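# Architecture at a glance
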Amino acid sequence: MLARTSPGRCRQLAVLLMMVLLGMGQGLPVSAQRKVAAKTGGDEKTAANLVPVTVYRKFSEWVVSVGFTPDEKMLIAGSYESAKVFDLAEKKERSELKLGGYVPSVVATSDSRTVVTAAYQRVVLWDISTGKEIRSLTGHRGQVQAVAMSPSGDLLASGSDDGAIKLWQIDTGKEVLALAGHELPVTGLAFSPDGRRLASSSGNETRPTKAGEVVLWDVETGQVASKLGAGDKAVTGVAFSPDGKVLASGSYDETIHVFDATSGQVIRTLEGHSRPITAVVFSPDGSRIASSAGGRFNGKNTAKLWDVATGKEVATFEAHDGPVTCLAISPSGKWLATGSRDKTVMLWDVSKFTTREVAKADAKATATDNVAVTATEAAAQADKPVAATKELKAGIIGLDTSHAIAFTKTLNAATPKPEVAGCRIVAAYPKGSPDIKSSVERVPDYIEQMKKLNVDIVDSIDELVKRVDVVFLETNDGRPHLEQVLPVLKAGKPVFIDKPIAGSLADAITIFEAAKKHKVPLFSSSSLRFGKNTLAVRGGSLGKVTRCETSSPASLEATHPDLFWYGIHGVESLFTVMGTGCQSVTRGKTADGMIEVTGKWAGDRVGIFREGKGYTGKASGEKGESPVGSYDGYDPLVTEIVKFFRTGIPPVTEAETLEIYAYMEAADESKRQNGVSVTLESVMAKAREAAKAK
């Protein structure tokens, strides 16, 4: 009796037989031979890495959704009656989230600790480390088909078969807005990078020839901003580019429409799939669009990568034996995950295709229309090293802090560490704090040190931004940061703002609003955030953290709120562990007269910062206790900054940064009121009013 062989297996055997007959594999490296042998199908347009790195097979039914956690440690896949969470490093299942019916959409919160799943008439939030349900959001009258997180991490959008879209506060589960306008089921959702717009797509798979639509919504008002024509068939998904300038949608007409997100005009239409498009996403650097296809019609089950600038097909991934229903690209752009009706998820390494340098090379290749390569060519090239990434020219504003010297020594080293290679400090604007003695006295010596590190000293910030691609705002004094960052944002240069982000909470809010206006990514952080033991707890080593206590030096500066100047280090460690959700703080003193601030988080969780001589702390969670708050040097921070400069993805969200500064400002308010409890909401409201005036 012969065992049944799948169509995909037949194709693979045919390719193997042809290789044997024609000697295709001879003369190639063993690894390259394997890549050729594993290619299924026979389409000559194929990726240089033909074999999925990992295949996850533990599904009893179709896989209909996939997603990565922002920290890129976990892969989530939705199927029938459950979603599975896989550890990417260990290549094994971490937890299973039990649901009823199919799970057509999944997304992780910005802190990578919570998974959000779509379900029938509800949205469910889960603790990623335990697989336990946190809360259920109800109100939809049909199957929820799509969920999306806002860039700030504080809003969740959900869209349903009933045509309705709802916005929820992620920390409370409270419904904020209900958006009504679609006549057909909502099939996809995507926030713009500035969080001000929400794109939605609609269509009905039971009536695929009925035209769907793409709608842009104003998130603040809930009103329709514009409607985009996306063909005469059902629209299956929608995605914003990382800079917010381009929008892409997929359709049952087997094409991808690429729009100018401002005018709504179609820039181009991508054609090449032979089945309905099921999903579209952008790569983190914006150079690529990834798409998947499959369905009831004839044709191949594929995922493809397209060059955004030229519209040319870059690569095709064809290994699934069933329609490819979903796909996702990891935050760094390294991994592509595809899910299929063949009950598998495949993980592909697409790093060779998702950098701007590759995109530029592809653009040049259009003259010969030879963007994609044949299987044989790909195999021959498979073991060649990847071309070096373009060097980033970085500038520094403010030479009144030791950070400027330390960061430059790391980046401008003769042989820099691989994780920071290709980013050099080339220019610096030295002026910082004219009325803080310690800062003024440092500048002359630091100028000389920077010159020895081959850094040019310039006379203005305007001159600096002309010379560089990215900026470190290092001025020790937070008060001039708003004024100093504005020309950087207007020039469109990504910027890291060292602690404190500003001299007041109102200025911090204004800085983020300015970044949104100019569509420029930025973030701020203390180096203490990236201590190994602190990150381990944030990553779930203790499960849910119920209590955390951290300490650090907290020397004061009369021009700043008390903790802004140096206490920020210990507070940053505290929030790295606790995450957002702090509701109120009370300030007091320790037995020896040092600062002590107690914060109350939602769910009866407690976080305490104390002034101390060193950098220490302890966290308590479901799985025990662990030390946190250690200082592990500047290099982990510099590594994250360089990664941010290359991807445009901040490692710390706006919401978390502002909550940190609200915590510290509320501590000062509590001090002024003799130790009463002060809500973060009250200081945020006051600061937002002040920010509007700015």
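For the structure itself, look to the data block above.
What you see is a predicted model, and the numbers here were worked out from it, not measured in a lab.

The number of helices and strands found in the protein chain is 15 helices and 39 strands. Here the protein chain holds 694 residues, and the buried ones make up 58% of them. Sequence separation of at least 24 residues holds for 58% of the intrachain contacts in the protein chain that already meet a minimum separation of 6. Here the protein chain has roughly 28600 Å² of accessible surface; of this, 50% comes from carbon and sulfur atoms.

With their axes 9 Å apart at the nearest point, helix α9 (residues 505-518) and helix α14 (residues 654-672) run at an angle of 165 degrees to one another. In terms of orientation, α9 lies roughly antiparallel with respect to α14. For the pair α9 and α14, the crossing hand works out as left-handed. Every residue of α14 that contacts α9 at L505, A508, I509, F512, E513 and K516 is listed here: E654, T657, L658, Y661, A662 and E665. Split into classes, the residues belonging to the contact of α9 with α14 amount to seven nonpolar, one polar and four charged.

The next thing to look at is α14. Along its 19 residues, α14 runs 27 Å from first to last C-alpha, staying within 8% of the 27 Å computed at 1.5 Å per residue. The element α14 is largely enclosed, with a buried count of 16 among its 19 residues. Positive phi shows up at N674, right after α14, with a value of about 60 degrees.

What follows deals with the packing of aromatic side chains. This structure, assessed with the given rule, holds 19 aromatic pairs. Measuring from centroid to centroid gives 5.9 Å for Y615 and Y631, while their planes differ by 45 degrees, and the two rings are tilted. Placement of Y615 in the loop between β36 (605-611) and β37 (616-621) and of Y631 in the loop between β38 (624-627) and α13 (635-647) is noted, with a sequence separation of 16 residues between them. A relative accessible area of 37% places Y631 in the partly exposed class. Three or more aromatic residues joined by ring pairs make a cluster, and in this case those are F407, F472, F496, F523, Y615, Y631, Y634, F644 and F645. When the ring centre of W335 is taken as reference, the NZ or CZ atom of K334 above it lies at 4.7 Å.

Quick notes on the rules
- Residues numbered from 1 in each chain as written.
- Predicted model: local features only at pLDDT ≥ 70, side-chain atom pairs only at ≥ 80, totals over all residues.
- Heavy atoms only, no water.
- Helix = DSSP H or I, 4+ residues; strand = E, 2+ residues; numbered from the N terminus.
- Buried < 20%, exposed > 50% of the residue type's maximum accessible area, 1.4 Å probe, protein only.
- Contact = heavy atoms within 4.5 Å.
- Areas by Shrake-Rupley, 256 points an atom, 1.4 Å probe, with all protein chains shown as cover.
- Axes fitted to C-alpha atoms, helices over the stretch in contact; angles between N-to-C directions.
- Parallel < 35°, antiparallel > 145°, perpendicular 65-115°, else oblique.
- Left-handed = near helix turned anticlockwise from the far one by under 90°.
- Nonpolar A, V, L, I, M, F, W, Y, C, P; charged D, E, K, R; others polar.
- Expected span 1.5 Å × (residues − 1).
- Phe/Tyr/Trp six-rings, centres within 6.5 Å; stacked < 30°, edge-to-face > 60°.
- Lys NZ or Arg CZ within 6 Å of the ring centre and 35° of its normal.

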